[in-house]
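# Residue-level structure breakdown
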Amino acid sequence: MGDGTFSYTIVDEPRKSGSRGNRKPEAVETTKRVAGSFKRNPNLSFREAANKLFFKMDSSDEEYFASPGTINFIMNNKRNFAVHPINRNRKKDGEFYRLYPELRKYPNKFRSCTRMSMETFDMVLDSIKGRLMKRWTNFNHDPIHPCERLIVSLRYLATGSSFQTLGFSFRMGRSTVASIVRETCQALWKILQPIYMPVPTQQMFLSVADEFWARWNFPNCIGCIDGKHIRIKCPSGTGSLAYNYKGFHSTVLQAVADANYKFLAVEVGGWGQQSDGGTFSASDFYHHLKNGTLNIPPDAPLPDPDLGINMPYVFIGDEAYPLMRNVLRPYPRAQLDQSKEYFNVRLSRARKCVECAFGIMTAKWRILMKPIETTLEFADDIIKGICILHNTIIDREGIDMLLDELAENSRTIHLPSRWIQDDDSYRMSTGSGCYVRDYFSKFVNENKLN
């Protein structure tokens, strides 16, 4: 055919599927030669031929590589540059090389750019640079430095800009930015999680209980639990599984927070369609709680000499959560009297810690204010990376500085108030849970705040 350089036979019967394993290098060269013969023949439309014709080869490997789909990919998806000319001057015109040295001279501007102090940034970089370091290879002569990778990732989390926008700014390809962000978030979780969000021990829970009593006047509380819907782009093939009651697609972050707005535990990946109670019932946290493997301290008396009965340590949640021996929720509205209403106020006062934690995290990392346009697995990595950064910054810089920073920037911390009657979850209440809640109610009513 024309000036074709490879002989083949056009047949009218359907092409049989060839093996995709053990492909030979000769098959790749054959495909290039066949594609070249199409491209050089002006009398034949490659698109029409590629859609209608296929080639009967002697080798199943060659048959696969010379298939219309493969030829079409080679002819129409060919990269013109190994590195685009715009990106070749990254070290001269890229945002990192132009801005980062200047930011190091001005700590306040550095904090505004990275959402953390220079000392915290340097600590994080030293911790994860081993996992971000790329070696020089014959096809990668200029690997991107871990510091630049961390800056790119923090700018993505802090601004919510698209990979394409950051690529133009830092003079990188869109796919390069995406891979940098994912690898960095995975490294943050892998390295920092054992340090700043370890698996809670009994001693840690006792310390949390002391902080809740000292700061929020709620006894025997070892954490407050809630869920947050994180906006995502509708995942393909999921139907309405990710569509929540608020009217957008989401994945659910369930978290337990301490009295200082830090996360004790997080679980990511619940479907947006589920309620907080449904997400809780399907979570690993619930199964550990049910099986008694959460390292919860032994029962202890409440801090009142007149009430000497030992009471369990509890997590506190809103109406969406079931009432259990170690999980307290407010009394339903239909059952309220003066004492029960006061108990609800005291419980909600302590429970707001987890709501504040979500609000602080969202105000700082603005990617959470828009849909995350990645795969579900990638979104999970992003959310976990943000959660561990949240804890790291509070541990190293303190919560007061963080709150002052948010106030100076005129950002508001949104504290959603969901007083939704949930009779089904109330029916899940166990007898022991009701007894524990009534005893706690008696305590707070006998020890009212001034």
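In case you missed it, the structure is sitting above this.
Only a predicted model underlies this, so the values are computations on that prediction, with no experimental measurement involved.

Attention shifts here to the overall build of the chain. On a plain count of helices and strands, the chain comes out with 19 helices and seven strands. Across the 450 residues in the chain, those meeting the buried criterion constitute 48%. For the chain, the proportion of contacts with a sequence separation of at least 24, taken over those separated by at least 6, is 72%. Total accessible area on the chain is roughly 23,000 Å²; 50% of this is exposed by carbon and sulfur atoms.

With that out of the way, let us pick up the packing of aromatic side chains. For the coordinates displayed, the defined rule picks out 18 aromatic pairs. Their ring planes at 15° and their centres at 4.9 Å tell us that Phe96 and Tyr100 sit as a pair that is stacked. Remark: Tyr100 and Phe96 occur in helix H6 (residues 95-103); sequence separation between them is four residues, near one turn of the helix. According to the relative accessible area criterion, Phe96 is buried, its value standing at 9%. On the basis of an interplanar angle of 50° and a centroid distance of 5.7 Å, the ring pair of Trp213 and Phe443 is categorised as tilted.

Here we take up the side chain of Ser283. In this fold, Ser283 is placed in the loop between helix H13 (276-281) and helix H14 (284-291). Of note is the side chain of Ser283, whose polar atom sits 3.2 Å from the backbone nitrogen of Tyr286. Look past the residues within four positions of Ser283 in its chain and what remains in contact with it is Gln254 and Glu267.

This part is about helix H9 (residues 146-159). Given 3.6 residues per turn, any residue in an α-helix points the same way as the ones three and four places further on. Taking 1.5 Å of rise per residue, 14 residues should cover 20 Å, and H9 covers 20 Å from first to last C-alpha, within 8% of that figure. Taking burial as the measure, the 14 residues of H9 include 13 buried ones, the bulk of the element. Just downstream of H9 lies Gly160, where phi reads positive at about 75°.

Take the pairing of strand E1 (residues 221-231) next. The buried fraction of E1 amounts to ten of the eleven residues, a majority that puts the element mostly inside the structure. Where E1 lies against strand E6 (residues 314-316), two bridges are found, and the strand directions are parallel. Bridging across to E6, Cys221 finds its partner in Val314. Both E1 and strand E2 (residues 250-257) contribute to a ladder of eight bridges, which runs antiparallel. Within E2, the position partnered with Ile230 by the bridge is Thr251.

Before going further, it helps to spend a moment on the sheet that holds strand E7 (residues 327-328). Taken in spatial order, the five strands of this open sheet run E3-E2-E1-E6-E7, and their pairing is mixed. The open sheet has two edge strands, strand E3 (263-271) and E7, and neither has a second partner.

In this section: the pattern of salt bridges. Under the definition given, this model contains twelve salt bridges. Measuring nitrogen to oxygen at the nearest pair gives 3.8 Å for the salt bridge that ties Lys129 to Asp126. With Lys129 and Asp126 both in helix H8 (residues 118-132) and three residues apart, this pair spans about one turn of that helix. For Lys129, a relative accessible area of 38% puts it in the partly exposed group. For Arg149, the salt bridge is made with Glu183, and the minimal N-O distance between the two is 3.3 Å. Residue Arg149 is located in helix H9, and its partner Glu183 is located in helix H11 (residues 174-196); the two are separated by 34 residues in the primary sequence. By relative accessible area, which is 8% here, Arg149 ends up buried. With relative accessibility at 29%, the residue Glu183 sits in the partly exposed group. Connected via shared salt-bridge partners are Lys134, Arg149 and Glu183.

What counts, and where the lines are drawn
Residues numbered from 1 in each chain as written. Predicted model: local features only at pLDDT ≥ 70, side-chain atom pairs only at ≥ 80, totals over all residues. Heavy atoms only, no water. Helix = DSSP H or I, 4+ residues; strand = E, 2+ residues; numbered from the N terminus. Buried < 20%, exposed > 50% of the residue type's maximum accessible area, 1.4 Å probe, protein only. Contact = heavy atoms within 4.5 Å. Areas by Shrake-Rupley, 256 points an atom, 1.4 Å probe, with all protein chains shown as cover. Phe/Tyr/Trp six-rings, centres within 6.5 Å; stacked < 30°, edge-to-face > 60°. Polar contact = N/O pair within 3.5 Å; in protein donor to acceptor, adjacent residues only side chain to side chain. Expected span 1.5 Å × (residues − 1). Pairing = 2+ DSSP bridges. Salt bridge = Lys/Arg side-chain N within 4 Å of Asp/Glu carboxyl O.

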